[in-house]
Amino acid sequence: MAANVEEAADFETAIAECGFGLFNVFILCSAMPCLTAMVFSASALSYVMPSAECDLELSLLDKGLLNAATYAGMIISAVPWGFIADTFGRRPVLISGGWLDGFFVLCASFSQDTAQLMAFKFFDGFVICGPFAVVVSYLAEFHGKKHRPYIMLFVGLCVSTGSMIMPLLAYVVLPVNIFFKVGSLEFRTWQVFLAASAIPTILSGLMHIFLPESPKFLMSQGNYAKAMESLKRIYKMNKRKSKESYPVKRLIDPTPDRSAELDGTGRRLTRKEKLDRAKKQFSEGFRQLKPMCSQPYLAISLKVYFLHFCQIMCVNSVRLWMPQIFATMNAMEKQGANDTSVCAVLDHNAESLPRNSDERRAECNLHHNAESYLGNIIVSAIGLVGYLLIFPLLRISLVANHIVKVFLFICIFLVGGLYFVKTSLVTMLVSATYLTLMGICATTVIGMSVVIFPTLMRTMVLLLIMTFGRLGSVSGNILLPVFMQLSCLAPFLWLIALMSIAFLCSLFLKFDDQQALN
């Protein structure tokens, strides 16, 4: 039903009048490269390391630190990105963040040693953290209650698709023997692979130039005039009607009206006025943190932070080492090894450094074999199918309320089962099921969090949730090599304990994905 011309409409009413159409398709297409770029940033080095192991003379700890470097950058930049996105808007972060991240990824492809690669991947993580968290809020704030629950299905599908594109790209590029010099710089196949991984993030920055600022964000800032213009633009594209026929004529939002401060008289601000405004916005940005430290949000957010910390530590400790495990497993099979169990592979990786350079070089050459990436492609494909099958079920309230608890409980046994796996096929199937279920748990937790926190703290909370997840990733990738060197059983006992804690934490959480955006 159309809104009454005389009555002010809230965001949910206004966005519902816009419907779903061409604009929504374009904004979803624009989000795809950003979501894919996040996967590329987080996962690229795990595919590079089997190929670059000899070129960079990587130890087991070096591999763990390289896997952790990107996440370390994400942790440090979370609060600044949250302040910028919730104070200055979503769109500037998506545009500038995309281009800047592309620059650092290209710099990483020029790296000539481990320190350079680690530094540039740190800055890659520092930058990509903002656009990825912002794009989730950005998508949610352009869709009404009817379509919003499907946004996290879309996000999950994009992440899963990106996870499949990455091993496909590795399958095509990394087996090719590339070597050339430009001056004193040497470039090999893995550096070309890294350069190719910069394409999605640069494309993301370009595509978001053509999109408006979030109308929900503009309303929360009191800037109703720009919010109305944004909504009319959506309405025109979706309904194929003129902007003047948009039935909503006036907007209202629970936050105080600050439109006079933002719109002013249209005159150009002096440098002093710009500085004073920036200081005020900076103070307001810090005031965003106050509601997060009070009830009801404090208790909920702490539970979510701890749950996400445990589950991401577990999933990334497995996921980021799978390319190395599959590459080693393939190399062992080519060398005629009788035992290619997960334990044998972990022991092989733990003992690989002391071997002489000829043996290492021979194994590195086997890592360039295209077959070593097939396992990763199949694992990612199973994950994509899993998202397609399971996420539509989240529209059922009973499933949505219990899926995280059930999946975490199942994953306790799956991660423990990897210890007993003896063949590459079973390793592939068990790890694929585990990573798919854990990925759905992580995406569901983030999706549910979008609707329970207010607009002016939503991006900050999402960034903090992801920050705790990344703390888990950093901790996991540093600790896993340590446990691997102790014994084969040690890393599995550690993962089972973490999974059990995550499951217990999930028992105290309940979300409703049908409520209106605060």
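Residues numbered from 1 in each chain as written. Predicted model: local features only at pLDDT ≥ 70, side-chain atom pairs only at ≥ 80, totals over all residues. Heavy atoms only, no water.

K.L.:
Describe in detail the overall build of the protein chain, supporting the description with residues and values.
P.N.:
Scanning the protein chain from N- to C-terminus turns up 22 helices and two strands. Counting the 518 residues in the protein chain, one finds 57% classified as buried. Of the contacts formed within the protein chain by residues at least 6 apart in sequence, a portion of 83% connects residues at least 24 apart. Counting every atom, the protein chain has about 21200 Å² of accessible surface; 67% of that belongs to carbon and sulfur. (Helix = DSSP H or I, 4+ residues; strand = E, 2+ residues; numbered from the N terminus. Buried < 20%, exposed > 50% of the residue type's maximum accessible area, 1.4 Å probe, protein only. Contact = heavy atoms within 4.5 Å. Areas by Shrake-Rupley, 256 points an atom, 1.4 Å probe, with all protein chains shown as cover.)

K.L.:
Quick rundown of the environment of phenylalanine 413? Include the residues and the values.
P.N.:
Along the chain, phenylalanine 413 falls in helix α19 (residues 397-417). As for phenylalanine 413 and tyrosine 434, which are separated by 21 residues in sequence, their C-alpha atoms are 9.3 Å apart.

K.L.:
Break down the pairing of strand β2 (residues 185-188) for me, with residues and values.
P.N.:
Across four bridges, the pairing between strand β1 (residues 179-182) and β2 is antiparallel. Among the inter-strand pairings, phenylalanine 180 is bridged to a residue of β2, identified as phenylalanine 187. Counting the residues in the hairpin turn of β1 and β2 gives two residues, including glycine 183, whose phi is positive at 65°. (Pairing = 2+ DSSP bridges.)

K.L.:
Describe the confidence of the model for the protein chain, with residues and values.
P.N.:
On average, residues of the protein chain score 79 in pLDDT, and 82% of them are at 70 or above. Contacts from residues 1-5, a stretch scored under 50 in pLDDT, to residues over four places away or in other chains number nine contacts. Counted against residues more than four places away or in other chains, residues 256-268, with its pLDDT under 50, gives 21 contacts. (pLDDT = per-residue confidence, 0-100.)

K.L.:
Provide a residue-level description of unusual backbone geometry, including the pertinent values.
P.N.:
Phi at arginine 240 is positive, roughly 60°, even though this residue is not glycine. A relative accessible area of 61% places arginine 240 in the exposed class.

K.L.:
I'd like a rundown of the environment of cysteine 441, residues and numbers included.
P.N.:
Tracing the sequence through the fold places cysteine 441 in helix α20 (residues 424-452). Judged by its relative accessible area of 1%, cysteine 441 falls in the buried class. Each C-alpha atom, one on cysteine 441 and one on phenylalanine 407, is 7.1 Å from the other, the two residues being 34 residues apart in sequence. Not counting the four nearest positions on each side in its chain, cysteine 441 is found in contact with Gln311, Val404, Phe407 and Leu408.

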